[in-house]
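The lines below spell out each chain.
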Amino acid sequence: MAISYSWDVGTVDTYPTKDSKADVIHKVHWRLKGVDGSNNDANGNPQTYEVYDTQVLDTSDLSSFTAFDSVSTGDVEGWLEATLGAEEVAYKKDQIAKVIAKKVTPTQVRKTIS
């Protein structure tokens, strides 16, 4: 089961001004999606699962500030992963993989008696 993971970090909260900087990103609303393209569901679609949350970023030091108009999703992903830490990112990916594995090989199935 090869799962690919992707971040959606397109929604952020900003301080209009902070330390004479404009639009300082301080919170990321994120989604982490896992897609298992090798195990399709009954309709032929890849098995997927995603987790989501918000993460506050440290804005106490703006010496390496990037202007909002120059910020890319890659920048935000990097800040998010650095804030979460490698262990937490790995944990979230593991949780996604476990849910997808249960979808591929369920341990229980709900059925309706007619």
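Described below are features of the structure shown in this document.

Cut-offs applied
Residues numbered from 1 in each chain as written. Predicted model: local features only at pLDDT ≥ 70, side-chain atom pairs only at ≥ 80, totals over all residues. Heavy atoms only, no water. Helix = DSSP H or I, 4+ residues; strand = E, 2+ residues; numbered from the N terminus. Buried < 20%, exposed > 50% of the residue type's maximum accessible area, 1.4 Å probe, protein only. Contact = heavy atoms within 4.5 Å. Pairing = 2+ DSSP bridges. Axes fitted to C-alpha atoms, helices over the stretch in contact; angles between N-to-C directions. Expected span 1.5 Å × (residues − 1). Arc of directions from axis to C-beta.

1. Some thoughts on the side chain of T59
Thought 1: Relative to the assigned elements, T59 resides in the loop between β3 (46-56) and α1 (73-84).
Thought 2: Residue T59 is classed as buried on the basis of its relative accessible area of 10%.
Thought 3: In this structure T59 touches Y15, K18, V24, I25 and H26, once residues within four positions along its chain are discounted.

2. Re the sheet that holds strand β1 (residues 3-18)
Thought 1: Read from one edge to the other, the open sheet built from 3 strands follows the order β1-β2-β3, with strand pairing classed as antiparallel. A single partner strand is all that each edge strand has here, and the edge strands are β1 and β3. The sheet shows a mean angle of 15 degrees between the axes of neighbouring strands, taken without regard to direction.
Thought 2: Bridge count for β1 against strand β2 (residues 21-40) is 13 bridges, and the pairing is antiparallel. What sits directly across from K18, in β2, is K21.

3. Details of helix α2 (residues 86-104)
Thought 1: Between the first and last C-alpha of α2 there are 27 Å, a value that for 19 residues agrees with the 27 Å anticipated at 1.5 Å per step.
Thought 2: Along α2, the residues classified as buried are V89, K92, I96, A97 and I100. The arc enclosing the buried residues of α2, seen along the axis, measures out at 140 degrees, which places them on a common side. Exposed and facing more than 90 degrees away from the buried side of α2 are E87 and K102.

4. Quick notes on the environment of I100
Thought 1: Relative to the assigned elements, I100 resides in helix α2.
Thought 2: I100 gets classed as buried once you look at its relative accessible area, which sits at 0%.

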